Amino acid sequence: MGRADPEEGQLPAPVKPPDGGWGWIVLFGCFVITGFSYAFPKAVSVYFKELMKDFHVGYSDTAWISSIMLAMLYGTGPVCSIMVNQFGCRPVMLIGGLLASSGMILASFTTNIIELYLTAGVLTGLGMALNFQPSLIMLGTYFDKRRPLANGLAAAGSPVFLSSLSPLGQVLLEKFGWRGGFLIMGGLLLNCCTCGAVMRPLDAGMKRKMEKARDKYEAKEMLPMGGKSEEGISTTDGTKKAKKAKKKPKKGKKLLDFSIFSNRGFIIYTISKFILVLGLFVPPILLVNYAKDTGVPDTEAAFLLSIIGFIDIFARPACGMVAGLKWVRPHVAYLFSFAMLFNGLTDICSARASNYTGLVIFCVFFGISYGMVGALQFEVLMAIVGSQKFSSAIGLVLLIEAFAVLIGPPSAGRLVDALKNYEVIFYLAGSEVALSALFLAMATYCCLNRGKKTPPPEKNPSAGGGSDTEEADSDVQEAEEHSSDNHQPAHGTDKAMVAANEETNHVEDEQSGEGGRCPEVDGEVSARAGCNADQTVERDSF
């Protein structure tokens, strides 16, 4: 793509991710949203004993509250994608914050467990889903070079909030009861609206600067420059038509882009992620009961989860920093495979841990590997599909993961009830995670890196080097098809641009002569056959 320099009379460049500035505020908002989305369904379990007493239900009945929250978080992915593509990230997040808060507030007035399912489960879960996915999309638009680090820092919100919301919930339960605790928790969820308010669209703040730069360019071209005044007039018309041509594809914007299924890297990622989720959440869910059955006291058994959370806090940002290194980022898919393999082998090796020391060692290594997986999962997806298609991709991936979440942990619980043996569950979960790692690594190497037959807009997505510029090129190619009907005006625009830059005047003269070669404008060379001037105009204006 050509560099746009308004001072030299060129059209302004597209808005690039700033990798800082207001992006740090967006990162903090994403940190908070991620913390609420992943930690809140687990923190609600503090109130389960009181709910069992008041509503005269069993533990499995109250556990459905957390399950419904997670199911809404994952299963409503396509709905969130459609809403984001239609209305934008900020309005969707504001609505999501209101829904999440109102769900917990209404839950404090419920009189039976079914009403809790509908309020705390469905309503709050939907609200958190409408916050989680748009926050990740905005993070991807504000960060490009530092995106691995940004994803790692945002993912650290999960263990930080888990270690703080659970003790807070216990204090609220002791002082105000479960109803007062739900009411205060609902007030805390209003912070999601604040996080949504800071998610300022990246191009909104730059729109005025771009228009000002275009005005300078048009005014400069209208000034008399000898025999070039006529070309300056045609430049204004050609610029307007090129501008309209670029806007045409946006009118037909898809609410949910299913074309990403033609991306082999996305298919490989989706399959491996489905296998991963089948076994990833099983060990931490069964760990406390496993420790109690081996004779560990209740307080020490609960402390095992705190160890995982504490290690996880540092593992995610550290892994994000490693993934952002120049020699690591192009191979981030393989680093993700290593993290999954590490996690699976940790489950398998710790299956026979029979004392508290062995369980502590397992929690340390599980926290490291679990944090690596959490920090890299969305970074790999962004690298595969790019930021333009990420809103649709994450929605479809979360929907597929929802089925795995509903299959994996419940199936493991039934096996424990039937076999009365936790070792088999750890072996099974570890094998599933390790299998997903091997599948991702082998499929990436054999199907993508060896074949080199990925579609042109994707440019080897699984290699981890995907950036916003690749997606912008595909948008430019679509705009070129619309502008090909008006070849003559665009050709006049191309001449005026060349005339505006004194260094390329002789190139224009060669182009207008017989047998002239295709000029190189701002680093972009026209096609060999046909020398289409429209492509040069579109890439420069983009």
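Residues numbered from 1 in each chain as written. Predicted model: local features only at pLDDT ≥ 70, side-chain atom pairs only at ≥ 80, totals over all residues. Heavy atoms only, no water.

Engineer: Just checking my understanding: could you explain the overall build of the chain for this structure?
Structural biologist: Helix and strand content of the chain: 22 helices and two strands. The buried share of the chain, taken over its 542 residues, is 52%. Considering only contacts in the chain between residues 6 or more positions apart, those separated by 24 or more positions represent 82%. Put simply, the chain shows about 24500 Å² of open surface, and 62% of that area lies on carbon and sulfur atoms. (Helix = DSSP H or I, 4+ residues; strand = E, 2+ residues; numbered from the N terminus. Buried < 20%, exposed > 50% of the residue type's maximum accessible area, 1.4 Å probe, protein only. Contact = heavy atoms within 4.5 Å. Areas by Shrake-Rupley, 256 points an atom, 1.4 Å probe, with all protein chains shown as cover.)

Engineer: Hey, could you run me through a nonpolar patch on the surface in this one?
Structural biologist: Taken together, Phe109, Phe176, Leu183 and Ile184 make up a surface patch of nonpolar side chains, about 410 Å² in accessible area. A relative accessible area of 33% means that Ile184 is categorised as partly exposed. (Patch = residues over 30% accessible without salt bridge, like charges linked within 9 Å, V, L, I, M, F, W, Y side chains within 5 Å. Salt bridge = Lys/Arg side-chain N within 4 Å of Asp/Glu carboxyl O.)

Engineer: Explain helix 1 (residues 23–43) here, please?
Structural biologist: Because each turn of an α-helix spans 3.6 residues, side chains separated by three or four positions end up pointing in the same direction. Compared with an ideal rise of 1.5 Å per residue, which puts 21 residues at 30 Å, helix 1 spans 29 Å between its outermost C-alpha atoms and is within 8% of the ideal. The buried count for helix 1 comes to 17 of 21 residues, which makes it a mostly enclosed element. (Expected span 1.5 Å × (residues − 1).)

Engineer: Looking at this model, I keep getting lost on the confidence of the model for the chain. Mind explaining?
Structural biologist: In low-pLDDT segments, the atomic positions of the prediction should not be examined closely. Summarising the model, the chain shows a mean pLDDT of 74, and 70% of its residues fall at 70 or more. A low-confidence stretch, residues 1–13 stays under pLDDT 50, and its non-local contacts, those more than four residues away or across chains, total 43 contacts. Low pLDDT, under 50, characterises residues 457–474; the stretch is placed with 53 contacts to residues that sit more than four places away or in other chains. (pLDDT = per-residue confidence, 0-100.)

Engineer: Even after reading the chapter, I still don't get the environment of Phe378, so can you show me in this structure?
Structural biologist: Inspection of the secondary structure puts Phe378 in helix 16 (residues 356–385). The spatial distance from the C-alpha of Phe378 to the C-alpha of Asn151 is 7.3 Å, given a sequence separation of 227 residues. Apart from the residues lying within four places of it in its own chain, the contact partners of Phe378 are Tyr38, Phe132, Leu136, Tyr269, Phe390 and Ile394.

Engineer: Just to check I follow, could you spell out the side chain of Thr119 for this structure?
Structural biologist: Note that Thr119 resides in helix 6 (residues 113–142). Taking relative accessible area as the criterion, Thr119 reaches 12% and is therefore assigned buried. Not counting chain neighbours up to four residues away, the residues in contact with Thr119 comprise Gly103, Leu106, Ala107, Thr110 and Thr124.

Engineer: What's the story with the nonpolar core in this structure? I'm lost.
Structural biologist: Within soluble globular proteins, side chains that are nonpolar tend to cluster in buried spots. By size, the foremost hydrophobic cluster in this structure holds 127 residues, and its most contacted members are Phe40 and Ile65. The greatest single-element share of this core, amounting to 15 residues, is contributed by helix 16. Setting aside residues up to four positions removed in sequence, Phe40 forms contacts with Gly35, Met69, Met104, Thr124, Met128, Leu165, Met185 and Leu189. (Core = buried A, V, L, I, M, F, W, Y, C linked by side-chain atoms within 4.5 Å.)

Engineer: Can you walk me through empty space enclosed by the protein in this structure?
Structural biologist: Over the atoms a probe the size of a water molecule is rolled, and this reveals where empty space is left. In the structure shown here, the tally under the stated rule is three cavities of 30 Å³ or more. Forming the walls of the largest cavity are 13 residues, and the residues nearest its centre are Tyr38, Leu280, Phe281, Tyr370 and Gln377. Residue contributions to the lining of the largest cavity peak at four residues, all from helix 16. Across the lining of the largest cavity, the residue classes break down as seven nonpolar, three polar and three charged. Lining the second largest cavity we find 13 residues, and of these Leu136, Asn151, Ala155, Gly374 and Phe378 sit closest to its centre. Listing elements by their share of the lining of the second largest cavity, those giving two or more residues are helix 1, helix 6, helix 7 (147–155) and helix 16. (1 Å grid on protein atoms, 1.4 Å probe; cavity = no way out; pocket = protein on both sides within 12 Å on 5 of 7 lines; lining within 4 Å. Points joined across faces, edges and corners; volume = space filled by probe spheres on them. Nonpolar A, V, L, I, M, F, W, Y, C, P; charged D, E, K, R; others polar.)

Engineer: Looking at this structure, how should I read the packing of helix 8 (residues 157–188) against helix 14 (residues 298–323)?
Structural biologist: Any two packed helices are characterised by how steeply their axes cross, that is the angle between the axes, and by the distance between the axes. Following both chains from N to C, one finds helix 8 and helix 14 inclined at 155 degrees, their axes separated by 8 Å at the closest point. As far as their axial angle goes, helix 14 and helix 8 are roughly antiparallel. You can see that helix 8 and helix 14 cross each other, and the crossing is left-handed. Residues Ser158, Pro159, Val160 and Ser163 of helix 8 touch helix 14, and the partners they reach there are Gly309, Asp312, Ile313 and Arg316. Looking at side-chain class alone, the contact of helix 8 with helix 14 contains three nonpolar, three polar and two charged residues. (Axes fitted to C-alpha atoms, helices over the stretch in contact; angles between N-to-C directions. Parallel < 35°, antiparallel > 145°, perpendicular 65-115°, else oblique. Left-handed = near helix turned anticlockwise from the far one by under 90°.)

Engineer: Just checking my understanding: could you explain unusual backbone geometry for this structure?
Structural biologist: Negative phi is the rule for most residues except glycine; trans is the rule for most peptide bonds. The phi angle at Asp19 is positive, at roughly 55 degrees, despite the residue not being glycine. Of note, Asp19 is situated in the segment before helix 1. Even without a glycine there, the phi angle at His56 is positive, about 55 degrees. Residue position: His56 is located in the loop between helix 2 (48–55) and helix 3 (59–75).

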